[in-house]
Every structure is written in C-alpha cells, then in structure tokens.
Amino acid sequence: MVNPEAAGPDAYALQRKAMVGTIESIVHETAAETGRSQLQKRVLTAMDKVPRHLFVPPDQRAFSYANRPLPIGNGQTISQPFMVALMTDLLDLKATDRVLEIGTGCGYQTAVLAELAREVFTIEIVPPLATEAAARFAELNFRNVTARTGDGYAGWHERAPFDAIIVTAAATEVPPALTGQLKPGGKLVIPVGHAWGSQSLLVIEKDTNGSLSTRNALGVRFVPLTREKQQ
Ligand code: SAH
C-alpha cells in the first residue's frame, strides 16, 4: 500500500472522496428515519474539504477516513463522519449564521461548521482537549472559530443568541439555557437519552413566535454530556 504520509497531503484526497461516498449511501439507507435522502451540496463539499487526518492522534491517522468514531485521548472520541455530516445538514446553516457547539473534542465538527457559517463558538469541558483544539484552529487558520474551556450546559450567554446550536455529547434532558439562547427560526440538534444507552438525535426548532417543536431524527450513541461540579 502507498504510504499516504510519504506521498504528501493530497494523498488523503482520494480517501476523503471515498468517505463522502460512504456518507451519501448511509444517508440514503437512513432516509426514512432522518427525513433526508440526500445532504445539501455545501455540506458534502465541506466534508470533502476538511482534513480529518489532521484532527486525530498520529496513531489513528491510518483510519482517519473510515466511517467510524476514533479515540482522541482523555476517554473521548471523534464522531463518525456520517454523524458529523448529518448533524451539520440538520442545522440548515446559512453563510451568515452564528453557531454554538457544545463538545469541541478534537475540533473536527467545529471545522466543518466553520466552512459553512460566519462564526462558530465552541465549548469543551476537558481542559487538555480544549487547549489542543484551540492550537489546531490557529495552526489551520480557522479565523472564524472562538473556543473556550467550560461546561456547555449553560451555553454561552455573552455571545447569544445563535442561529444554530449543536451538542456533540448526549444529555439526559435538553438544557434549558440552550433553547433560551436560540434565535427565533433557529435549530438545535442534540442527542438526548441515557448515558451509554439508547439515545435519540433530536432536532428542536424555534419558530418566529418563539415556540419550540421537536422531532427525533435517528437513534444514536454518544459519549455523555458531563457537568462541572456544582459548588
Ligand atoms: N465534536 C467532536 C465530538 C467530541 S465527543 C467531533 O468533532 O468529533 C464529545 C465532547 O464533548 C468530548 O470532548 C467531551 O469532553 C465534551 N463534553 C462533554 N460534556 C461537556 C460539557 N458539559 N460541556 C462541554 N463539552 C462537553
């Protein structure tokens, strides 16, 4: 097998294209549940552009473009590419949007959002992961990303309201602060359910009158949303 590292960065382009093809077929297979038989072109373009191999630890690099989650250290994972693409699609982002992400992890989902929206704010509760991700955003020149360490359960009051909010860890209930920080017309995509058990990917929409509607887009499995110890 050709060593992609030795052949230069573009050697990953083919693997990335294959990953996008796999995502498209899973989207097709899950359409009855998700309500989406194909993803928006701009979402697929972003998936085809962001170098996932630069977001995973070096010992995982060979698996960067496989459609599965990978360990990123500190007991956390980088989400499966299909899940990143689907959740991004469900947000229906516009180029002018300001987005909040809870659960930066390695920053891969953040980077995909940053390709599609005007500004992305992201919060990570595990300090070493937050520090590594911030360094990566600087190195890869993602100037429209603002990252901080903390408990995202409370959202980011100072930067609210947001056009879209995405949570990449499973909560036991929808954090009220997050629906509160959503603009009318905005969408919140969040896995909700039992820690390590059955969870539903919810799409919550706030209409122009501020009323919320919720639908279940898919059965999923995410690491739990943890909480900072309350004083
Ligand atoms: N977005 C990542 C997924 C990371 S996994 C990707 O692109 O693959 C989920 C992340 O959520 C973990 O890094 C975990 O530490 C973080 N997390 C869990 N609870 C949190 C909380 N209350 N606030 C912020 N981040 C949290």
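To keep things clear, this report deals only with the structure shown in the data block. Because the structure is predicted, anything quoted here is derived from the model rather than measured.

Right, let's get into the pattern of salt bridges. Applying the stated criterion across every chain, the model contains 11 salt bridges. With its nearest N and O atoms 3.9 Å apart, the salt bridge here joins Arg 118 to Glu 119. Taking relative accessible area as the criterion, Arg 118 reaches 45% and is therefore assigned partly exposed. The exposure class assigned to Glu 119 is partly exposed, which follows from its relative accessible area of 23%. Salt bridges sharing partners connect three or more residues here, namely Arg 36, Asp 89, Asp 92 and Lys 187.

Here the focus is the pairing of strand β4 (residues 119-124). Of all six residues in β4, five are buried; the element is thus mostly enclosed. Strand direction decides the pairing type here: strand β3 (residues 98-102) and β4, joined by five bridges, are parallel. Bridging across to β4, Ile 102 finds its partner in Ile 123. Running through helix α6 (residues 108-116), the crossover from β3 to the neighbouring parallel element β4 is right-handed. In the classification by handedness, the crossover that spans β4, the intervening helix α7 (residues 127-139) and the parallel strand β5 (residues 145-149) is right-handed.

A packed helix pair is summarised by two numbers, namely the angle formed by the two axes and the spacing between the axes. Two numbers describe how helix α2 (residues 11-29) lies on helix α5 (residues 81-90): the axes approach to 9 Å, and their chain directions differ by 65°. Seen from above, α2 lies across α5 with right-handed handedness. Counted together, Met 19, Ile 23, Ile 26 and Val 27 of α2 and Pro 81, Phe 82 and Ala 85 of α5 form the full contact between these two elements.

Moving on, we get to the packing of aromatic side chains. Following the criterion strictly, the structure yields four aromatic pairs and no others. Centroid distance Phe 121 to Trp 156: 5.6 Å. Interplanar angle 80°. Geometry classified as edge-to-face. Here the residue Phe 121 occupies a position in strand β4, and Trp 156 occupies one in the loop between β5 and β6 (162-167), the gap between them amounting to 35 residues. Pair check on accessibility: Phe 121 and Trp 156 agree, each one buried. Site record: aromatic cluster; members linked through ring pairs are Phe 121, Trp 156 and Phe 162. Across from the ring centre of Phe 63, 4.9 Å away, lies the NZ or CZ of Arg 68, which sits over that ring.

Okay, the site of the ligand next. Near the ligand you find 25 residues, and of these Ser 79, Gln 109, Glu 124, Gly 152 and Thr 226 are the closest. Within the contact set of the ligand, a nitrogen atom lies 2.8 Å away from a backbone nitrogen or oxygen of Gly 152. In isolation the ligand offers 580 Å² of accessible surface; the protein chains occlude 99% of this area. For the shell around the ligand, the secondary structure elements donating two or more residues are β2 (76-78), β3, α6 and β4. Here the shell around the ligand gets three residues from one element, more than from any other, and that element is β2.

Regarding helix α4 (residues 41-49), the residues found buried are Val 43, Leu 44, Ala 46 and Met 47. Buried residues of α4, seen end-on, are gathered within an arc of 160° and therefore sit on one face of the element. Among the exposed residues of α4, those oriented more than 90 degrees off its buried face are Lys 41 and Lys 49. Tucked into the core, α4 has its buried residues touching α2, α5 and α6.

Here we come to the sheet that holds β3. Strand order across the open sheet formed by seven strands is β5-β4-β3-β6-β7-β8-β9, with mixed pairing between neighbours. One side of each edge strand has no neighbouring strand; the edge strands of this open sheet are β5 and β9 (212-220). Each strand of the sheet is rotated relative to its neighbour by a mean of 15°, with strand direction disregarded. Alignment of strand β8 (residues 199-206) against β9, held across eight bridges, turns out to be antiparallel. The partner of Glu 205 across the bridge, within β9, is Ser 213. In the packing of α7 onto the sheet, the strands contacted are β4 and β5, and the crossing angle to β5 comes to about 160°.

Generally speaking, a soluble globular protein has its nonpolar side chains buried in company with each other. Counting residues in each nonpolar core, the largest one holds 53 residues, and the members touching the most others are Met 47, Tyr 108 and Leu 201. The greatest single-element share of this core, amounting to seven residues, is contributed by α5. Dropping the residues within four chain positions of it, Met 47 is found in contact with Arg 16, Met 19, Val 20, Ile 23, Pro 81, Val 84, Ala 85, Tyr 108 and Val 112. With 20 residues, the next largest nonpolar core counts Phe 121, Tyr 153, Ile 190 and Val 223 among its residues.

Definitions and limits used
- Once a new chain begins, its residue numbering starts again from 1 and follows that chain's sequence as written.
- Whole-chain, interface and lining totals are the exception, using all residues; otherwise, since this is a predicted model, local features are given only for residues with pLDDT of at least 70 and side-chain atom pairs are given and counted only at 80 or more.
- Calculated side-chain values reflect all of the structure's heavy atoms, with hydrogen atoms and water omitted.
- For salt bridges, the criterion is a side-chain nitrogen of Lys or Arg within 4 Å of an Asp or Glu carboxyl oxygen.
- Using a 1.4 Å probe on the protein chains alone, a residue whose accessible area is under 20% of its type maximum counts as buried, one over 50% counts as exposed, and one in between counts as partly exposed.
- Think of it this way: any DSSP run of H or I at least four residues long counts as a helix, any run of E at least two long counts as a strand, and we number them from the N terminus.
- Two strands qualify as a pair provided DSSP detects at least 2 bridges between them.
- With the strands aimed away from the viewer, a crossover counts as right-handed if its path from the first strand over the helix to the second runs clockwise.
- What counts as an axis is a line fitted to C-alpha atoms, over the stretch in contact for a helix, and the angles between N-to-C directions run from 0 to 180 degrees.
- Take the far helix as the reference: if the near one is turned anticlockwise from it by less than a right angle, the crossing is left-handed, and if turned clockwise, right-handed.
- Pairs of residues are marked as contacts when any of their non-hydrogen atoms sit within 4.5 Å.
- Here a Phe, Tyr or Trp ring, Trp counted by its six-membered ring, pairs with any other such ring whose centre lies within 6.5 Å, and the pair is stacked when the planes are under 30 degrees apart, edge-to-face when over 60, and tilted otherwise.
- By definition here, charges over rings are those cases where NZ of Lys or CZ of Arg is within 6 Å of the ring centre and within 35 degrees of the ring normal.
- Summary of the distance rule: residues count as near a molecule or strand when at least one heavy atom falls within 4 Å of that molecule or strand.
- Whenever a nitrogen or oxygen atom comes within 3.5 Å of another N or O atom, the pair is scored as a polar contact, on the condition that within protein one atom can donate a hydrogen and the other can accept it, and that pairs from neighbouring residues in sequence are kept only if both atoms are in side chains.
- Areas reported as accessible are Shrake-Rupley estimates using a 1.4 Å probe. Residue values count occlusion only from the protein chains shown.
- Picture the helix axis, draw a direction to every C-beta atom, and the arc is the one those directions span.
- The criterion is simple. A nonpolar core is a set of buried Ala, Val, Leu, Ile, Met, Phe, Trp, Tyr and Cys residues joined through side-chain atoms within 4.5 Å.

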